[in-house]
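# Descriptive analysis of the structure
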Amino acid sequence: MTATRLHLAFAALMGFAGVALLAAAAHITGTANVQSAGQMLLFHASLVIGATAARRGGHLHDLLARIALSAIIVGAALFAADLARRGFANEALFPRAAPIGGWFMLGGWLGLAVAAVTAKRS
């Protein structure tokens, strides 16, 4: 399976999980963390789809964009999983899971910036 298909498949799963978490948060009181998890997944699912299209169009450096998108997917999943677990079970996924996921996302965003300025096509 190609990186494009993997990234798009993960983006679709992130979107699915984001909608499910937002629906759960709407029906259960005291689940602000669950709502944040859903939003984080939906925002980044859209990013992954758009950046994948930009990468395929030559507007992002291919390898850098693949690495950045993978970091964003892993980071968003880790961050959202930790927030969802905190919201539903009142305990962390594992110590420092959300900050680690956050750093992966931040690194991915920076990686996309570098991929944009180093792309061969303008």
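Look a little higher up for the structure.
About the thresholds
Residues numbered from 1 in each chain as written. Predicted model: local features only at pLDDT ≥ 70, side-chain atom pairs only at ≥ 80, totals over all residues. Heavy atoms only, no water. Helix = DSSP H or I, 4+ residues; strand = E, 2+ residues; numbered from the N terminus. Buried < 20%, exposed > 50% of the residue type's maximum accessible area, 1.4 Å probe, protein only. Axes fitted to C-alpha atoms, helices over the stretch in contact; angles between N-to-C directions. Parallel < 35°, antiparallel > 145°, perpendicular 65-115°, else oblique. Left-handed = near helix turned anticlockwise from the far one by under 90°. Nonpolar A, V, L, I, M, F, W, Y, C, P; charged D, E, K, R; others polar. Expected span 1.5 Å × (residues − 1). Contact = heavy atoms within 4.5 Å. Salt bridge = Lys/Arg side-chain N within 4 Å of Asp/Glu carboxyl O.

### A look at the environment of A12
- Its place among the elements puts A12 in helix α1 (residues 3-27).
- For A12, a relative accessible area of 48% puts it in the partly exposed group.
- As for A12 and L42, which are separated by 30 residues in sequence, their C-alpha atoms are 9.3 Å apart.

### Section: the packing of α1 against helix α2 (residues 32-56)
- α2 packs onto α1 with a crossing angle of 155° between their chain directions and a minimal axis gap of 7 Å. As summarised for this structure, α1 and α2 are arranged roughly antiparallel, according to the angle between their axes. Between α1 and α2 the crossing geometry is left-handed.
- For the contact of α1 with α2, a count of residues per class yields 16 nonpolar, nine polar and two charged.

### Notes on α1
- Along its 25 residues, α1 runs 36 Å from first to last C-alpha, staying within 8% of the 36 Å computed at 1.5 Å per residue.
- Residues T4, H7, A11, M14, G15, G18, L21, A24 and A25 constitute the buried set of α1.
- Looking at the buried positions of α1, the neighbouring elements they touch are α2 and α3 (62-89).

### Side note on the pattern of salt bridges
- Evaluated as defined, the whole model comprises four salt bridges.
- Two residues, R55 and D62, come together in a salt bridge whose shortest N-O distance is 2.6 Å.
- Here R55 falls in the buried class, since its relative accessible area comes to 5%.
- Since its relative accessible area comes to 31%, D62 is described here as partly exposed.
- Where R66 meets D62, a salt bridge forms, and the shortest distance between an N and an O atom there is 2.5 Å. In this pair, R66 and D62 are both assigned in helix α3, four residues apart and thus about one turn of the helix distant.
- Via salt bridges that share partners, R55, D62 and R66 belong to a single interconnected network.

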